Amino acid sequence: MLDDESTFLGLGAAVDGPGALGAAGRTTLAATIASYVDRARGAGALHPLVMGTEPLRRLADATRIVAEVSALTGEPLAILEHEEEALLTLVGLTAGRAVRSDVLVVDIGGGSSELVEIGPGRLARAAGVQVGAGRLTRRIVDRDPPTPEHVAELGRAADAAFDWTPTRPPAEVVFVGGTATNLLKLLRRAGDPDRDDRLDREALRVARDLVTGTPAEMLAATYGLREARIRLLAAGAAIIETVLDRVGIGFGRVVDTGIREGAIIAADRAGDGWRDRLDELAHGWIA
């Protein structure tokens, strides 16, 4: 990866609040995306991919956002469906290799979570649920650091909102995306540098103790993580634990690849028609 940067623009809060981004918010969003597109072109990308996920599926002015971003960047803005997002995440994880065991891949986002089940000889089953670390945090946590009562309520709310069950128990669960990777980074930087890539219930308990014991600003300064990310970790841990409970597995692996890598691989493999070939690409082409 040549570059990796993110900007928090409050899209999820706009969804849960006024329901639209508004003119000023759209201008900021378009300018931010345009700056990323310019950097991608400067790095040699001929046709940068611009994609939108959960907030753009729900914002009332999403149509205007698409038009304004596309006009400013000169690139089409694709708003992905839940299933497309999940399949791209799988492609990013496997990089075209066929899976050799039953796997569940979970990407916990800010406003939603995407899941895809796949196994040898099985069609990929992709789904999305309307629960993410940002949405859950805004709904329940009203102070920093969150309290043990907040943690308990996050767990109950995640379990109630996670309306998904596996078709059959997977042999392995893989978590991708910022929530899982930042939980693992926090644990490693807070005293366990040799920790492997697994998150189990004990690891989640330790992470929650860290998050509830110290303000996010202090944790960010101490361990070199973004404060905005830290504020979402208690909710993220609740969602991870809910997934583990649903599939009856003691731990999940954390992998630092996902939708972005999947989109690059899919476009490289299938060209402009990559969205029409996602089902095919998700099953791999490398034996």
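The preceding data block contains the structure.
Below: a short report on this structure. From a predicted model like this one, the values you see are computed outputs, not experimental measurements.

1. Quick notes on the packing of aromatic side chains
Link 1 in the chain: Summed over the entire model, instances satisfying the criterion amount to 1 aromatic pair.
Link 2 in the chain: One cation-aromatic arrangement involves Arg198 over Phe251; the distance from NZ or CZ to the ring centre is 4.6 Å.

2. Topic: the environment of Leu233
Link 1 in the chain: Relative to the helices and strands, Leu233 resides in helix H12 (residues 233-247).
Link 2 in the chain: Residues in contact with Leu233, not counting those within four places in the same chain, are Thr179, Asn182, Leu183, Leu186 and Val211.

3. Here we look at the packing of helix H8 (residues 178-189) against H12
Any two packed helices are characterised by how steeply their axes cross, that is the angle between the axes, and by the distance between the axes.
Link 1 in the chain: Contact geometry for H8 and H12: axes closest at 10 Å, N-to-C directions at 110°. Relative to H12, the element H8 is oriented roughly perpendicular. When H8 is examined against H12, the residues Thr179, Ala180, Asn182, Leu183 and Leu186 are found in contact with a partner set consisting of Leu233, Gly236, Ala237 and Ile240.
Link 2 in the chain: Looking at the contact of H8 with H12 residue by residue, the classes come out as 6 nonpolar, 3 polar and no charged.

4. A word on unusual backbone geometry
Link 1 in the chain: With an omega dihedral of 0°, the bond running from Asp144 to Pro145 counts as a cis peptide bond.
Link 2 in the chain: Looking at the element boundaries, Pro145 is found in the loop between helix H6 (133-140) and helix H7 (148-161).

5. So, the pairing of strand E8 (residues 251-255)
Link 1 in the chain: Judged from the 3 bridges that link them, strand E6 (residues 172-176) and E8 form a sheet pairing that is parallel. Its bridge partner being in E8, Phe175 is matched across the sheet by Val254.

6. Examining the sheet that holds strand E5 (residues 125-129)
Link 1 in the chain: The strand order across the open sheet built from 6 strands is E5-E4-E3-E6-E8-E7, with neighbouring strands paired in mixed fashion. Either end of the sheet is taken by a strand with one partner, and the two such strands are E5 and strand E7 (198-200). Averaged over all adjacent pairs, the angle separating strand axes in this sheet is 25°, with direction ignored.
Link 2 in the chain: One ladder, built from 5 bridges, connects strand E4 (residues 113-118) with E5; its direction is antiparallel. Each residue of the ladder has a partner; that of Glu117, found in E5, is Arg125.

Rules and cut-offs
- Counting restarts for each chain: residues are numbered from 1 in the order of the written sequence.
- Local features in this predicted model are restricted to residues whose pLDDT is 70 or higher, and side-chain atom pairs enter the listing and the counts only when it is 80 or higher, whereas totals over whole chains, interfaces and linings include all residues.
- For the side-chain quantities, the full set of heavy atoms in the structure was used; hydrogens and water were omitted.
- What counts as a ring pair is set by centres within 6.5 Å for rings of Phe, Tyr and Trp (its six-membered ring), and what kind of pair is set by the plane angle: stacked under 30 degrees, edge-to-face over 60, tilted for all other angles.
- Put simply, a charge is over a ring when the Lys NZ or the Arg CZ is close to the ring centre, within 6 Å, and near the line of the ring normal, within 35 degrees.
- The helix and strand labels rest on DSSP assignments: H or I over at least four residues marks a helix, E over at least two residues marks a strand, and numbering proceeds from the N terminus.
- Note on definitions: a residue-residue contact is assigned when non-hydrogen atoms from the two residues lie within 4.5 Å.
- Orientation is described by lines fitted to C-alpha atoms, with helices fitted over the stretch in contact, and by angles between N-to-C directions that extend from 0 to 180 degrees.
- Orientation labels follow simple angle bins: below 35 degrees gives roughly parallel, above 145 gives roughly antiparallel, 65 to 115 gives roughly perpendicular, and whatever is left gives oblique.
- Under the scheme applied here, ten amino acids are nonpolar (Ala, Val, Leu, Ile, Met, Phe, Trp, Tyr, Cys and Pro), four are charged (Asp, Glu, Lys and Arg), and all others, including Gly, are polar.
- Each pair of strands is called paired provided DSSP finds at least two bridges between the two strands.

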